Amino acid sequence: MFWNKNIETIDRTGLENLQWEKLQKVLRAAAETPFYKKFFLDHKINISELVSLQSIARLPFTTKHDLRLSYPYGMVAVPRDKIVRLHASSGTTGKSTVIFYTQKDIDDWADLVARSMVATGTSRSDVFQNMMGYGLFTGGLGLHYGAERLGTMVIPASTGNTLKQIQLMQDFEVSVIHITPSYSLHLIDVLQEHGIAPEELSLKKAYLGAEPYSEATRQKIEELYKIDAYNSYGLSEMNGPGVAFECEEKKGMHIWEDYYFVEIINPDTGEVLPDGEEGELVLTHLNREAQPILRYRTRDLTRIIPEPCACGRTHRRIERIKGRTDDMMIIGGVNVFPSQIESVLMNFPEVGNNYQILLERQENLDRMIIKVEIYSKMFHGDLRELKRLEAKLREELKAIIIINPRIELLEPGSLPPSMGKAIRVIDNRKI
Ligand code: AMP
Ligand code: ZN
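The notes below deal with the structure included here.

A few words now on the overall build of the protein. The helix and strand inventory of the protein stands at 11 helices and 21 strands. Against the 2.2 N^0.38 benchmark of 22 Å for 431 residues, the protein shows a C-alpha radius of gyration of 22 Å, consistent with a compact globule. Its C-alpha atoms give the protein principal-axis dimensions of about 70 × 55 × 40 Å. Taking all 431 residues of the protein together, 55% fall into the buried category. In the protein, 67% of the contacts between residues at least 6 apart in sequence involve partners at least 24 apart.

Written out as structure tokens, the structure reads:
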């Protein structure tokens, strides 16, 4: 099923021509903003010298820091009365940044989300419960408008109030949910606590996004709920969700290249990497009116999957986000991503649905403590059994992350449940 088959299956030459056409327009619009006017001047960039799609590599990158510098209106390319909305990034790292939209931007965004939902097989006959935060965060309203554009009934449940969420799912035969992976794992715990089997629900699929998670976690969620889970990627700076989304093949996320120009760079050198190599995702708006952003460093690590997708869409796919260049932990000199730890944990059937990584420094040595909730059915309180599990977890983690963590096994429900983006790492080290 396609939302707009012509554009979703456009041949590469056609797509590149379209991108070049749109890029020229975006460059001209950006050049009128106070931020890029100065930026181009400082970097001695004359946009009329950019003569092809590839010459975009001559532009310096735009960073989150630049967005903060230009706060509040420095990157706006339209008169204030054309702006109809603002959103702000959740500020996982530092102060939040603000993004503006014209009516056309909102419409385009809704269209991309509708396209993404259709790519997963969702239709007007589905019932969609949106369990992402409504408000400044883009996750709630982004999917909301897209689902309405598609014509699917939307329940704007937002986050929290888990019992109410379950009641809505039951009463209105919800078939699709949009939820963070961490909250979905909490929700399944509450379902189990109340003796509700997932089969009693009408749920068919979940859109999981807003935070990094592993393939093992996706599989775990699919098995627990008996549904299909689709990866959904986006960031406020690029509208919000709907930047890249999995199709029914579930093998990486199609990045909508008629709206976003994609590059993967070496995060240390800034050099553009060939398709297939892992690096930092850099995105350029090809459609934004209110606030075009050029070569934005997302800090997200991924790679382009160069092979064509069986679904027929020609827009390239990106692999699951491995982590962010800035959530990389350095422990005793070893680089570790929380996602590596998560994939090990989630492969153990004994492991429950919540965990936390604590970093401490004792006598100048870094220590990692991983607090892990045990799956309720496995929690018999048999000490020898727990010790064995602890040792096994430690051993498997060590094989992957090289360092030796201390494992603390906890009863289900011991760690604070997460509603929005989960806080997985608490770093108590003093530098
Ligand atoms: P925000 O702008 O506050 O919505 O945050 C966007 C960031 O959330 C992205 O840059 C990613 O780091 C993260 N994120 C969003 N969706 C996903 C996903 N599907 N997998 C991993 N990380 C994600
Ligand atoms: Zn596909």
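On to helix α6 (residues 138-150), then. The terminal C-alpha atoms of α6 lie 18 Å apart, and with 13 residues this matches the ideal 18 Å at 1.5 Å per residue to within 8%. What α6 keeps buried is the set T138, G139, G140, G142, L143, H144, G146, A147 and L150. Immediately downstream of α6, the backbone of G151 shows phi near 100 degrees, a positive value.

So, about the packing of helix α2 (residues 12-31) against helix α3 (residues 34-42). Describing two packed helices takes the angle between their axes plus the distance from one axis to the other. Relative orientation of the contacting elements α2 and α3 amounts to 95 degrees, with a least axis distance of 7 Å. Classified by the angle between their axes, α2 and α3 sit roughly perpendicular to one another. Contacts between α2 and α3 involve L27, A30 and A31 from the former and Y36, K37 and F40 from the latter. Per-class residue counts for the contact of α2 with α3 are 5 nonpolar, no polar and 1 charged.

For the zinc ion (ligand 2), the protein coordination sphere consists of C247 (SG), H254 (NE2), C309 (SG) and C311 (SG), at 2.1 to 2.3 Å. For the zinc ion (ligand 2), the donor residues sit on a single chain with the sequence spacing C-x6-H-x54-C-x1-C. Of this pair, C247 sits in the loop between β8 (240-246) and β9 (253-255) while C309 sits in the loop between β13 (304-305) and β14 (317-318), and the two are 62 residues apart along the sequence. For the pair shown, C247 and C309 are each scored as buried.

The 4 strands are arranged β10-β11-β12-β15 in an open sheet whose pairing can be described as antiparallel. Pairing within the sheet leaves two strands with one partner each, and these edge strands are β10 (260-265) and β15 (323-324). Sheet topology note: the strand β11 (residues 279-285)/strand β12 (residues 296-302) ladder contains 4 bridges and is antiparallel. Residue G279 lies in a different strand from β12, and its bridge partner there is T302.

Pairing is mixed across the open sheet formed by 4 strands, whose spatial order is β20-β19-β18-β21. Either end of the sheet is taken by a strand with one partner, and the two such strands are β20 (406-410) and β21 (425-427). Each strand of the sheet is rotated relative to its neighbour by a mean of 20 degrees, with strand direction disregarded. As judged from the 9 bridges shared by strand β18 (residues 351-362) and strand β19 (residues 365-374), these two strands associate in the antiparallel manner. When the sheet's bridge partners are listed, E360 is paired in β19 with R367. Lying over the sheet, helix α11 (residues 383-401) contacts β18, β19 and β20, oriented at roughly 135 degrees with respect to β20.

Conventions used here
- Residues numbered from 1 in each chain as written.
- Chains lettered and ligands numbered in written order.
- Predicted model: local features only at pLDDT ≥ 70, side-chain atom pairs only at ≥ 80, totals over all residues.
- Heavy atoms only, no water.
- Helix = DSSP H or I, 4+ residues; strand = E, 2+ residues; numbered from the N terminus.
- Rg over C-alpha atoms; globule rule 2.2 N^0.38 Å.
- Buried < 20%, exposed > 50% of the residue type's maximum accessible area, 1.4 Å probe, protein only.
- Contact = heavy atoms within 4.5 Å.
- Expected span 1.5 Å × (residues − 1).
- Axes fitted to C-alpha atoms, helices over the stretch in contact; angles between N-to-C directions.
- Parallel < 35°, antiparallel > 145°, perpendicular 65-115°, else oblique.
- Nonpolar A, V, L, I, M, F, W, Y, C, P; charged D, E, K, R; others polar.
- Donors = N, O, S within 2.8 Å, 3.2 Å for Na, K, Ca; no water.
- Pairing = 2+ DSSP bridges.

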